[in-house]
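# Close look at the chain arrangement
Here is how the chains run, residue by residue.
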Amino acid sequence: MKNRLKVLRAERDLTQADLADALAVSRQTVNAIEKGKFDPSLPLAFKISRLFNLSIEAIFQDGEEL
């Protein structure tokens, strides 16, 4: 799944560790999501969307064109 997490994190001058702490996950989890190696659970996706004040769809894309 494609995502804008790395860009959003950089815009807010957060490290992966900062974001991981805010989301209560490991830094490795944040890294894996950013690299597209891991898709977040729905509850985690909601946490991320609330943290950045964006819709889930504005952060994550499934790669399929509508």
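Each remark here, short or long, concerns the structure printed above.
Parameters and conventions
Residues numbered from 1 in each chain as written. Predicted model: local features only at pLDDT ≥ 70, side-chain atom pairs only at ≥ 80, totals over all residues. Heavy atoms only, no water. Helix = DSSP H or I, 4+ residues; strand = E, 2+ residues; numbered from the N terminus. Buried < 20%, exposed > 50% of the residue type's maximum accessible area, 1.4 Å probe, protein only. Contact = heavy atoms within 4.5 Å. Polar contact = N/O pair within 3.5 Å; in protein donor to acceptor, adjacent residues only side chain to side chain. Salt bridge = Lys/Arg side-chain N within 4 Å of Asp/Glu carboxyl O.

## Quick notes on unusual backbone geometry
In this structure, Asp-13 takes a positive phi of about 55° despite not being glycine. By the element assignment, Asp-13 lies in the loop between helix H1 (5–11) and helix H2 (16–23). In this structure, Ala-24 is a non-glycine residue whose phi angle is positive, near 60°. Position of Ala-24 among the secondary structure elements: in the loop between H2 and helix H3 (27–34). According to the relative accessible area criterion, Ala-24 is exposed, its value standing at 65%.

## With respect to the environment of Arg-4
In this fold, Arg-4 is placed in the loop between strand E1 (2–3) and H1. Using a relative accessible area of 35% as the deciding quantity, one classes Arg-4 as partly exposed. Sequence-wise, Arg-4 and Ile-33 are 29 residues apart; in three dimensions their C-alpha atoms are separated by 9.9 Å. Among residues more than four places away in sequence, those in contact with Arg-4 are Leu-54, Ala-58 and Ile-59. Polar side-chain contacts of Arg-4 include one of 3.0 Å to the backbone oxygen of Ala-58.

## Considering the side chain of Ser-49
For Ser-49, the location among the structural elements is in helix H4 (residues 42–52). Polar contacts involving the side chain of Ser-49 include one to the main-chain carbonyl oxygen of Phe-46, which spans 2.9 Å. Excluding residues within four positions of it along the chain, Ser-49 makes contact with Leu-54, Ser-55, Ile-56 and Ile-59.

## Here's the deal with the pattern of salt bridges
Here the structure, examined in full by the defined rule, presents two salt bridges. As a salt-bridge pair, Arg-9 and Glu-34 come within 2.5 Å of each other at their nearest N and O atoms. With a gap of 25 residues between them, Arg-9 in helix H1 and Glu-34 in helix H3 connect regions that are remote in the sequence. Of the two residues, Arg-9 and Glu-34, both sit in the buried class.

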